[in-house]
Amino acid sequence: MDLNGKNYKAFLERQEAIKKQYSAKRAEKQHLKGKLTAHERINLLFDPGTFEEIDAFVTPAASPVEFGKVEKSYGDGVIVGHGKVNGRLVFAYAQDFTIMGGSLGIVHAKKIAKIQEMALKMGSPIIGLIDSGGARIQEGVASLSGYASIFHNIIQSSGIIPQISVIMGPAAGGAVYSPALTDFVFMVNHTSYMFVTGPNVVKEVLNEDVTFDELGGAEIHARKSGVAHMIYDDEENTILALKKFLAYLPSNNVENPPVVPDDGSVPEINEKLREIVPDDPNKAYDVKEVISNIVDRNSFFEISELFAPNLVTGFARLKGKTIGIVANQPKVLAGVIDIDSATKGARFIRFCDAFNIPILTLEDVPGFLPGVDQEHGGIIRHGAKMLFAYSEATVPKITVILRKAYGGAFIVMNSKNLGGDFNFAWPTAEIAVMGPDGAVAVLYRKELAESPDPVALKNELVKKYRDKLANPFIADESGYIDEVSDPAITRKKIISAFTALSNKWVKVPARKHGNMPL
Ligand code: HXC
């Protein structure tokens, strides 16, 4: 090759121009806002030296009419490419807010669409690092069509490759639907926000004053709307957590999740598990303590920790293999199932099922949350989602009933007839149509009303109900559960049950798709 030739010189000039484009001044703009640049984010995400950028030299399309200016930049405000994360192939795009606010023009959109299609063909996860003012105003309908193709690609890849969005700046307007369609959304506290209409529109239309953070900050989306699954205080920690998280997932729906070495420090027979559930059935405890005494040491990665905390969901490992955990949390609202926890659980179960992740259910649930708000809010429709998701899932499914398993809630939490593969119960389990107080009130209303000492009679009947009906033995004797077992051997039992289920194969009848109650 002629190193003094015209083309080689032009090649070097282009390289130089790109270096100049990403000047220290641009970086400083981001840093002053507490944000990293798109390149810094990519460097943090990928294993050193593995990221290969493509389409770095594309230039933006011209605006169809003279309105505002289109910055003549290389790359059109987004970096796309592939590399290794924890040694595995991952595709990613990172929007560059310093170029026209990371806004999405048609060229920018085509770059993202190209990388999405590659990720799908290669069967590798795709990560979107989002920092954008949304559709590029100057390009009009072309940028809207760009978003539409991105959405379409996400939907085509759904359930085939894991798709993760990390919000690291604005995500406004219809643009929020790109992350919303992906499997998991990470956000950074105080520097990222998501909303369909921003504070100015809220003020104009409703005359309400609200800040960016109050309307669509990370905390709000993690706690209230449930849009964000994971939030962290800064970008470095967000990306580190994302890398840790990726290690639980397979690259695609025909692979199994990666297996990591287990240090063996959690004993298979663990007497601590006998002490966590209190003797008093009305006393709360932390189900996460049960989880940490069953799974590999420090392997629990919680999903949607702040949203509907009455149901705990997350990934963990058993002997180095990924499992998904769904557990009622007696510490919050006594672990009842309500609208938010039902949708949270259903979505998590469906992800596990799509990506070959066996599900462990830990059950202690007094029932569905009663009340006008819940009924009018559609607990019937939302609760049905959880039933649907459990029943539809064909991955190995094990339930351990720790304590309460009453009524419809018993059925919902992966009961045997809903398709549970192994259903165990601790001796502390209470399995019945309803709790003792409710049952006594329904069956003995007249006797209680006529009794000279209704309190003593009620206590006597509640005791009788607990002894005769609200225990695990009737279910055990009639095969509605598989075994009542000692809490201390739970880890051993679950490992052995999942091993027995490792070749589970279920023939699903041909159909276009089921009709989940949405
Ligand atoms: C073109 C944009 C832009 C956009 C920002 N910029 N958004 N350019 N199209 N959508 C440019 C600004 O003109 C500015 O250019 C630079 O990016 C930085 O923006 P600032 O406003 O100075 O930054 P900041 O103060 O941090 O405010 C960020 C912001 C604000 C809150 C995101 O820019 C904003 O409100 N943008 C519009 C958000 C929006 O409503 N987008 C459309 C959503 S609807 P200069 O040259 O001055 O540096 C949508 C439809 C999708 O996306 C449909 C999908 C179905």
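Placed above this text is the structure.
Residues numbered from 1 in each chain as written. Predicted model: local features only at pLDDT ≥ 70, side-chain atom pairs only at ≥ 80, totals over all residues. Heavy atoms only, no water.

Looking at the site of the ligand
- Close to the ligand lie 21 residues, the nearest being G101, G133, A135, I137 and Q138.
- Contact distances for the ligand include 3.0 Å between an oxygen atom and a backbone N or O atom of G101.
- Within the contact set of the ligand, a nitrogen atom lies 2.6 Å away from a backbone nitrogen or oxygen of G133.
- When the ligand sits alone it has 1,000 Å² of accessible area, and the protein chains cover 54% of it.
- Listed by contribution, the elements that provide at least two residues to the shell around the ligand are helix 5 (141-157) and strand 6 (170-172). (Near = heavy atom within 4 Å. Polar contact = N/O pair within 3.5 Å; in protein donor to acceptor, adjacent residues only side chain to side chain. Areas by Shrake-Rupley, 256 points an atom, 1.4 Å probe, with all protein chains shown as cover. Helix = DSSP H or I, 4+ residues; strand = E, 2+ residues; numbered from the N terminus.)

Notes on a nonpolar patch on the surface
- Among the surface-exposed residues, I155, Y177, L181 and V196 lie close enough to one another that they form a single nonpolar patch of about 360 Å² accessible area.
- Mapped onto the elements, Y177 comes out in helix 6 (residues 177-181). (Patch = residues over 30% accessible without salt bridge, like charges linked within 9 Å, V, L, I, M, F, W, Y side chains within 5 Å. Salt bridge = Lys/Arg side-chain N within 4 Å of Asp/Glu carboxyl O.)

Points about the side chain of Q30
- Assignment of secondary structure puts Q30 in helix 2 (residues 24-32).
- With near-sequence residues (within four places) excluded, Q30 lies in contact with K35, L36, T37, R41, F97, T98 and D131. (Contact = heavy atoms within 4.5 Å.)

Some details on the sheet that holds strand 2 (residues 78-85)
- Ordered by their spatial adjacency, 7 strands build an open sheet running 1-2-3-4-5-7-9, and the pairing between neighbours is mixed. Only two strands of the sheet have a single neighbouring strand rather than two, namely strand 1 (52-54) and strand 9 (230-232). Taking each pair of neighbouring strands and ignoring which way they run, the sheet shows an average axis angle of 20 degrees.
- Alignment of strand 2 against strand 3 (residues 88-95), held across 8 bridges, turns out to be antiparallel. Within strand 3, the position partnered with H82 by the bridge is F91.
- Each of strand 1, strand 2, strand 3 and strand 4 (126-130) is contacted by helix 4 (residues 106-122), which is oriented at about 165 degrees to strand 3, the strand it contacts most. (Pairing = 2+ DSSP bridges. Axes fitted to C-alpha atoms, helices over the stretch in contact; angles between N-to-C directions.)

With respect to helix 20 (residues 490-500)
- Every buried residue of helix 20 is accounted for by T490, R491, K493, I494, I495, A497 and F498.
- Where helix 20 is buried, its residues contact strand 11 (311-318), strand 12 (321-328), strand 13 (359-365), strand 14 (397-406), strand 15 (422-425) and strand 17 (483-484). (Buried < 20%, exposed > 50% of the residue type's maximum accessible area, 1.4 Å probe, protein only.)

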